[in-house]
Amino acid sequence: MIDTTLIDYRGYSNCIKLENENTQVILGHHCGGRVLEYSWRNENVLYSDPSHDGWVYKPGKPTVDISAGRFDIGPEQIIPPHPDLWLGAWTAEIIAPGIARMTSVEDLATGTQLVREFSLEETSSRLACTQEIRNISDQQINWCHWSRTFALGGGICIVPLSDYSRFPSSYIQYEPDGRINFTPQDPGVQRRAGYLEISATPQYPKLGMDSYVGWLGYLLKNDLLFVKRFPTYPERVYNEIAALTISIWYPEDDMCEIEPIGPMERLLPGESAKFTEEWWILPYPFLKPGSTLNLNEIVELVEREAPANCSLLST
């Protein structure tokens, strides 16, 4: 059975809660249309800064770097500032048991309105998250989906690699002066058996990948594996500077940012495009000191418990 209710949560009123026997999802529309909690048996995998509880955006006032389950649009280097989308108040509605929708204002800076729909499966932790980009302007727009999810820090990222990569090390690294290193050799990042493992803070924490496999995992210290599946399109243009499909930001801090990226959407006035990420939380023990991650076991778990092509969203 799935429960769908309104609750007060972390200083916000009328948040939408989607809940089944083991999984709880809390959606907040007050500041950017976010997933505030995604938990398995009361263990949240998302990082939320407690100092921001109840914070709301006021134009012209100082802002904060919001946390938890964030989404955005890009490319990040050329899209204009869009605080009304990123920080502003959205509207929220319950669509059906286990399904909710949040809608942004019409944003003149980007010519878009964003709609995010979330659906929790009744019998598992699977949460489908779809972001729709609507062109509300009078000209073509060329944006892409960005996921900017903050998970709890200190975990291990697992990124399956495509057979071919444009990058000699299978990833790139952003340096503080704005340069992109296409041949990084960072001890915090290992390439092993067709996978990247990020198990420690890199020298420079922002990384990018061009994998088209379509999933990634993040093993947390609370013995949970956070899995994301998402579509990839090798035949399409990805309009980030390095044509990334994934970005990982792994600072020496309380969070790790896990970011699938969508292809460029060329949208004429009145057109829209959707991108869906599917999330799972799977119990799996964190590494003991001195041990090595069993990649085969992780992959078997993901293929068994978080299968591909399982859309949950309403049409």
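Sequence order sets the numbering: in each chain, residues are counted from 1 along the sequence as written. A pLDDT threshold of at least 70 governs which residues receive local features in this predicted model, and a stricter bar of 80 or more applies before side-chain atom pairs are shown or counted, although totals over entire chains, interfaces and linings include all residues. Only heavy atoms go into the side-chain values, all of them from the structure, while hydrogens and water stay out.

Side note on the nonpolar core
For this analysis, a nonpolar core means a set of buried residues of the types Ala, Val, Leu, Ile, Met, Phe, Trp, Tyr and Cys, connected via side-chain atoms within 4.5 Å. Relative accessibility thresholds used throughout: buried, under 20% of the residue-type maximum; exposed, over 50%; partly exposed, between the two (1.4 Å probe, protein chains only). If you look at the biggest cluster of nonpolar residues, it comprises 51 residues, and the most contacted ones within it are L27, V35, Y38, F118, M209, F226 and I248. In this text, helices come from DSSP runs of H or I with a minimum length of four residues, and strands from runs of E with a minimum of two, each type numbered from the N-terminal end. If one sorts the elements of this core by residue count, strand β23 (residues 272-283) sits on top with four residues. Throughout, a residue-residue contact means that at least one pair of heavy atoms, one from each residue, lies within 4.5 Å. Those residues within four positions of M209 in sequence are excluded, and the remaining contacts are V159, F167, S170, Y171, L196, I198, L244, T245, I246 and I248. Counting 17 residues, the second largest nonpolar core, distinct from the first, contains I158, L225, Y284 and A306.

Things to note about the state of the cysteines
Cysteine sulfur pairs qualify as disulfides if the two atoms are within 2.5 Å. The tally for this structure, following the rule as stated, stands at zero disulfides. We note that C144 lacks a disulfide partner, and the nearest cysteine sulfur, in C129, lies 17 Å from it. When its relative accessible area of 0% is taken as the criterion, C144 is described as buried.

So, the pairing of strand β11 (residues 141-152)
Burial analysis of β11 places 10 of its 12 residues in the buried class, which makes it a mostly covered element. Alignment of β11 against strand β22 (residues 265-267), held across three bridges, turns out to be antiparallel. Following the sheet pairing, N142 is matched in β22 by R266. Bridge analysis of β11 against strand β21 (residues 255-260) gives four bridges, and the strand direction is antiparallel. Bridge pairing in β21 places F150 opposite E257. Note: two strands are recorded as paired if DSSP finds a minimum of 2 bridges between them.

Quick look at the packing of aromatic side chains
Centre distance within 6.5 Å is the pairing criterion for rings of Phe, Tyr and Trp, where only the six-membered ring of Trp is used; planes under 30 degrees apart are then read as stacked, over 60 as edge-to-face, and the remainder as tilted. A complete count under the given rule lists 10 aromatic pairs for this structure. Plain terms: the ring middles of Y47 and F150 are 6.4 Å apart, the flat faces sit at 55 degrees to each other, and that makes the pair tilted. Residue Y47 is located in the loop between β5 (43-44) and β6 (69-74), and its partner F150 is located in strand β11; the two are separated by 103 residues in the primary sequence. Taken as a pair, Y47 and F150 share a single burial class, namely buried. Measuring from centroid to centroid gives 5.9 Å for Y212 and Y238, while their planes differ by 70 degrees, and the two rings are edge-to-face. Taken together, the positions of Y212 in the loop between β17 (206-209) and β18 (215-219) and Y238 in the loop between β19 (224-229) and β20 (246-249) put the pair 26 residues apart, joining distant regions of the chain. Judged by relative accessible area, which is 22%, Y212 ranks as partly exposed. Cluster of aromatic residues (ring-pair linked, three or more members): Y38, F71, F118, F226 and W279. For the cation-ring pair, R70 lies above F150, with the distance from its terminal atom to the ring centre recorded as 3.9 Å. In this scheme, the term charge over a ring applies when either NZ of a lysine or CZ of an arginine sits within 6 Å of the ring centre and within 35 degrees of the ring normal. Above the plane of the ring of Y233 lies R236, whose end atom (NZ or CZ) is 5.1 Å from the centre.

Structural notes on the environment of Y38
Here Y38 shows up in strand β4 (residues 34-40). Taking the C-alpha atoms as reference, Y38 lies 9.4 Å from W280; in sequence the two are 242 residues apart. We define a polar contact as two N or O atoms separated by no more than 3.5 Å, with the added condition that, inside protein, one atom must be a possible hydrogen donor and the other a possible acceptor, whereas residues neighbouring each other in sequence contribute only through side-chain atom pairs. One polar contact links the side chain of Y38 to the main-chain carbonyl oxygen of W279, over a distance of 3.2 Å.

Considerations on the sheet that holds strand β8 (residues 99-103)
If you trace the 10 strands from one edge of the open sheet to the other, you get β7-β8-β9-β10-β23-β19-β18-β12-β16-β15, paired in antiparallel fashion. Of all the strands in the sheet, the pair left with one neighbour each is β7 (91-96) and β15 (189-192). With strand direction ignored, the average angle separating the axes of adjacent strands in the sheet is 20 degrees. In the sheet, β18 pairs with β19 via five bridges, with the strands oriented antiparallel. Paired with W215 across the strands is R229, a residue of β19. Think of each axis as a best-fit line through the C-alpha atoms, taken over the contacting stretch in the case of a helix, with angles from 0 to 180 degrees between the N-to-C directions. In this fold helix α2 (residues 295-305) packs onto β12 (156-160), β15, β16 (195-198), β18, β19 and β23, with an angle of close to 60 degrees to the strand it touches most, β19.

These figures capture arrangement, not role.
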